[in-house]
Amino acid sequence: MAVFVAESLIVSLRACLARPAIARSPFQRVAAAVIVALAMFATAPDARADAAVIRKYELQKQGSGYRLVATTAPRPKAKADEVLVRVRAVSLNRRDIMVLNGTYGAGDVSGRIPLSDGAGEVIAVGERVTRFKPGDRVAGTFFTRWIEGKATPDALSSARGGDVDGMLAEAIVAHEASLVHIPEHLSFEEAATLPCAGLTAWNALFTRGKLQPGDFVLLEGTGGVSMFGLQFAVAADARAIITSSSDSKLTRARALGAHGAINYVSNPDWHLEVRELTGGTGVDHVLEVGGRDTLPKALASLAIGGHVALIGGLSGFDAQVPVGALMGRTAAVSGIYVGSRADFEAMNAFIAEHKLRPVIDRTFAFEDAAAAYEYMDSGSHFGKVVITL
Ligand SMILES: NC(=O)c1ccc[n+]([C@@H]2O[C@H](COP(=O)([O-])OP(=O)(O)OC[C@H]3O[C@@H](n4cnc5c(N)ncnc54)[C@H](OP(=O)(O)O)[C@@H]3O)[C@@H](O)[C@H]2O)c1
């Protein structure tokens, strides 16, 4: 990219210096050259799409975890059922930190390309491919072999960035069954946030939760899953109550349509305020991402007949299941594990219909992937952290 920018700059500098009519003073000419170069760069075809060698990251063993290693490889070739995708953006999930730290339980991932979530453009297809053509804008599915219906053991052992290679590479080949078209109004960066966090929130609220207008939804913290939960709930005319450790994040969540916003640090008994905000009846849905420390309070916030989507363990995965509290509220409990390709396509239709735009906190360059991991790990983000390629 740096070479391409430099080339553009030299070409436009020469052109501007040769044409004093464009700009009179030397300063004006150099400024004009920079502007022309940036415009050339912005409109140029993707210089990396044809590269014979691609840049990528892989995980290499270090202590009990892994380290990120930047490397190169020959550009992969699509077999008959495969699609060659020029990846343009990837996003991080909490799971990716766990994979890096060796705490996810994905087995030995040495040599594997990290990050499950990415979006890009199709640059070539194998001769048997029917779902895609060059130029299509696509995202990878989190599970490469969960197409629809109930998950199978095989489907659940096909997760990108863990069981199989992920997306942090300039080009990847993928079986055509493991890709979806992305909504037209989304950038590659926005679409790259959908496969795990977006689909998990979708599955929890709609596929399993059967969300209805007017329902109360509890969201814990302002990370990736919760922010999608907020946007989906608001778009579906449900009433979202969100917690955060940060007042400024709560202000931003209110601006996105949150019905209630509670600081769980300054108000450790936040479940009482949740109940109050529902007029005493409790919430109909919980997207339970907090785990050990939040589950008891989430259940104390639950309405009779409410739905608890068990999703995460930000405070630990060793939560006790309070059988009495669940029975007493005739609660429905679902274990959520991202979702199928069919769920992904249904979610994309909803996102397109409501023109939703995922919340991206910060975007990092490919070279700064390690900094993106550190930023994600810090918990400072609001929504999603993205890397562009
Ligand atoms: N089952 C699945 O399919 C699935 C899919 C995706 C994610 N997950 C899991 O769901 C969890 C969330 O994932 P994510 O990618 O959305 O994470 P994330 O973006 O890293 O979320 C981090 C945010 O969560 C909030 N948080 C942290 N600890 C908390 C606590 N003890 N109580 C309440 N909020 C807390 C903080 O928000 P504030 O800064 O606002 O306080 C923090 O910034 C993780 O455990 C992840 O492994 C599971």
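Residues numbered from 1 in each chain as written. Predicted model: local features only at pLDDT ≥ 70, side-chain atom pairs only at ≥ 80, totals over all residues.

J.: Before we move on, can you summarise the overall build of the protein with the specific residues and values?
T.: Within the protein, the regular secondary structure consists of 13 helices and 15 strands. Taking all contacts inside the protein whose residues are at least 6 apart in sequence as the whole, residues at least 24 apart take part in 66%. (Helix = DSSP H or I, 4+ residues; strand = E, 2+ residues; numbered from the N terminus. Contact = placed C-beta atoms within 7 Å.)

J.: Any chance you could break down the packing of helix α6 (residues 194-207) against helix α12 (residues 341-353) for me, citing the residues and the numbers?
T.: Look at α6 against α12: their axes get within 10 Å of each other, and the N-to-C directions meet at 85 degrees. As judged from the angle between their axes, α6 and α12 are roughly perpendicular. Counting all contacts with α6, which are made through P195, G198, L199, W202, N203 and T207, the residues of α12 involved are D343, F344 and M347. (Axes fitted to C-alpha atoms, helices over the stretch in contact; angles between N-to-C directions. Parallel < 35°, antiparallel > 145°, perpendicular 65-115°, else oblique.)

J.: Describe the sheet that holds strand β9 (residues 239-244), with residues and values.
T.: The 6 strands lie next to each other as β10-β9-β8-β11-β12-β13, forming an open sheet whose pairing is parallel. The two strands at the open ends of the sheet, each matched to only one other strand, are β10 (260-263) and β13 (332-335). Averaged over all pairs of adjacent strands, the angle between their axes in this sheet comes to 15 degrees, without regard to strand direction. Examined bridge by bridge, strand β8 (residues 216-220) and strand β11 (residues 283-288) share 3 bridges and lie parallel to one another. Note that in β11 the partner of V217 across the bridge is H285. Packed onto the sheet, helix α8 (residues 247-255) meets β9 and β10 and runs at close to 170 degrees relative to β10. (Pairing = 2+ DSSP bridges.)

J.: How would you explain α8 if you had to name every residue and give the values?
T.: What α8 keeps buried is the set K249, L250 and A253. In a view along the axis of α8, the buried residues occupy a sector of 100 degrees, so they form one face of it. With respect to the buried face of α8, the exposed residues turned more than 90 degrees away are D247, S248, T251 and A255. Where the residues of α8 are buried, they touch α7 (224-235), β9 and β10. Looking one or two residues beyond α8, the residue adopting positive phi is G257, at roughly 110 degrees. (Buried ≥ 20, exposed ≤ 12 C-beta atoms within 10 Å, placed from the backbone. Arc of directions from axis to C-beta.)

J.: Account for the site of the ligand, naming residues and giving values.
T.: In the region of the ligand, 31 residues are neighbours, and G221, G223, S244, S245 and G312 sit closest. Secondary-structure elements contributing two or more residues to the shell around the ligand are α3 (94-101), α6, α7 and β9. In terms of residue count, the dominant contributor to the shell around the ligand is α6 (3 residues). For the shell around the ligand, the per-class residue count stands at 10 nonpolar, 16 polar and 5 charged. Both domains that meet at the shell around the ligand, namely domain 2 (53-195 + 358-388) and domain 3 (209-335), each give it at least three residues. (Near = placed C-beta within 6 Å. Nonpolar A, V, L, I, M, F, W, Y, C, P; charged D, E, K, R; others polar. Domains from an automatic or database assignment.)

J.: Describe the pairing of strand β4 (residues 117-125), and please don't skip the residues or the numbers.
T.: Where a strand is regular, its side chains alternate between the two sheet faces. Where strand β3 (residues 82-91) lies against β4, 8 bridges are found, and the strand directions are antiparallel. Of the residues in β4, the one forming a bridge with V83 is V125. Sheet topology places β4 next to strand β5 (residues 137-140); 3 bridges connect them, and they run antiparallel. Looking across to β5, one finds that G120 is bridged to V138.

J.: Could you give me a rundown of the confidence of the model for the protein, with the residues and numbers involved?
T.: For the protein, the average pLDDT comes to 90, and 88% of its residues sit at 70 or higher. Every residue in residues 1-24 scores below 50 in pLDDT, and together they form 28 contacts with partners more than four places removed in sequence or on other chains. (pLDDT = per-residue confidence, 0-100.)

J.: Help me get a handle on the packing of α6 against α7, residues and values and all.
T.: The interhelical angle for the contact between α6 and α7, taken along N-to-C directions, is 50 degrees, at an axis separation of 8 Å. Relative to α7, the element α6 is oriented oblique. When the axes of α6 and α7 are compared, the crossing they make is right-handed. Seen from α6, the contacting residues are A197, G198, T200, A201, W202 and L205; seen from α7, they are G224, V225, F228, G229, F232 and A233. Looking at the contact of α6 with α7 residue by residue, the class counts come to 8 nonpolar, 4 polar and no charged. (Left-handed = near helix turned anticlockwise from the far one by under 90°.)

J.: I'd love a proper account of the environment of A119, names of residues and values included.
T.: Within the secondary structure, A119 sits in strand β4. Residue class for A119 comes out buried when judged on the 29 C-beta atoms lying within 10 Å of it. Among all residues touching A119, those that are not within four sequence positions of it are R88, A89, V138, A139, I182, F188, A191 and A192.

J.: Could you give an account of unusual backbone geometry, with specific residues and numbers?
T.: Unusually for a residue other than glycine, L115 sits at a positive phi of about 75 degrees. Checked against the element boundaries, L115 lands in the loop between α3 and β4. For K355, which is not glycine, the phi torsion reads 50 degrees and is therefore positive. Along the polypeptide, K355 turns up in the loop between α12 and β14 (360-365). Residue classification places K355 among the exposed residues on the basis of 10 C-beta atoms within 10 Å.

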